[in-house]
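Analysis of the macromolecular model
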Amino acid sequence: MSRRKKSVEINLKDISSDPETYELWDGKHYIGTIKKEGERYLSFVESNDTPFKSVKLDDAINELLMQYNLHNH
């Protein structure tokens, strides 16, 4: 028996105190933070202090989603 695919809503919230910092949320669950540092975006998963480095914001979002799916499902 196969599982049904559920649609998931992902929200990218801009942090007003820091214009180059974003939070990624899955409904009510915090996924991680993205910070721009120079020309790169650093993605921090909620339980990891070592960031993933990306050139584009979209790549940083995808990296956070991959890590979230890998460790939580």
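For the structure, check the block above.
Nothing here was measured: the structure is a model prediction, and the numbers come from that model.

**Focus on the overall build of the protein chain**
Each helix and strand in the protein chain was counted, giving one helix and five strands. Beginning at the N terminus, the succession of helices and strands in the protein chain can be written as β-β-β-β-β-α. Expressed as lengths along the three principal axes of its C-alpha atoms, the size of the protein chain is roughly 50 × 20 × 20 Å. Counting the 73 residues in the protein chain, one finds 26% classified as buried. Sequence-distant contacts in the protein chain: of pairs separated by 6 or more residues, those separated by 24 or more amount to 17%.

**Regarding the packing of aromatic side chains**
All chains considered together, the criterion is met by one aromatic pair. Lying across the ring of tryptophan 25, lysine 13 places its NZ or CZ 4.8 Å from the centre. Across the ring face of phenylalanine 44, the terminal group of lysine 35 is positioned such that the distance to the ring centre comes to 5.8 Å.

**Focus: the sheet that holds strand 3 (residues 29-37)**
What the five strands build is an open sheet, ordered 1-2-3-4-5; its pairing is antiparallel. Edge strands, defined here as strands with exactly one partner in the open sheet, are strand 1 (10-14) and strand 5 (52-54). In this sheet, adjacent strand axes meet at a mean angle of 25 degrees when their direction is disregarded. Two strands pair when backbone bridges link them, and strand 1 and strand 2 (residues 21-26) are joined in this way by five bridges, in the antiparallel orientation. Among the inter-strand pairings, aspartate 14 is bridged to a residue of strand 2, identified as tyrosine 22.

**Some thoughts on the nonpolar core**
Judged by nonpolar contacts, Tyr22, Leu24, Ile31, Ile34, Tyr41, Val45, Ala60, Ile61, Leu64 and Tyr68 together constitute the single largest core of 10 residues. Listing elements by their share of this core, those giving two or more residues are strand 2, strand 3, strand 4 (40-45) and helix 1 (57-72). Take this core: its biggest share by element is four residues, from helix 1.

**A word on the pairing of strand 4**
Sheet analysis places strand 3 next to strand 4, joined by six bridges and oriented antiparallel. Within strand 4, the residue paired with glutamate 37 across the bridge is arginine 40. Hairpin connection between strand 3 and strand 4: a loop of two residues separates the two successive antiparallel strands, and glycine 38 in this loop has a positive phi of roughly 70 degrees. Strand direction decides the pairing type here: strand 4 and strand 5, joined by three bridges, are antiparallel. The partner of serine 43 across the bridge, within strand 5, is phenylalanine 52.

Reading the values: rules and limits
- Residues numbered from 1 in each chain as written.
- Predicted model: local features only at pLDDT ≥ 70, side-chain atom pairs only at ≥ 80, totals over all residues.
- Heavy atoms only, no water.
- Helix = DSSP H or I, 4+ residues; strand = E, 2+ residues; numbered from the N terminus.
- Buried < 20%, exposed > 50% of the residue type's maximum accessible area, 1.4 Å probe, protein only.
- Contact = heavy atoms within 4.5 Å.
- Phe/Tyr/Trp six-rings, centres within 6.5 Å; stacked < 30°, edge-to-face > 60°.
- Lys NZ or Arg CZ within 6 Å of the ring centre and 35° of its normal.
- Pairing = 2+ DSSP bridges.
- Axes fitted to C-alpha atoms, helices over the stretch in contact; angles between N-to-C directions.
- Core = buried A, V, L, I, M, F, W, Y, C linked by side-chain atoms within 4.5 Å.

Function-wise, these values are silent; they only describe arrangement.
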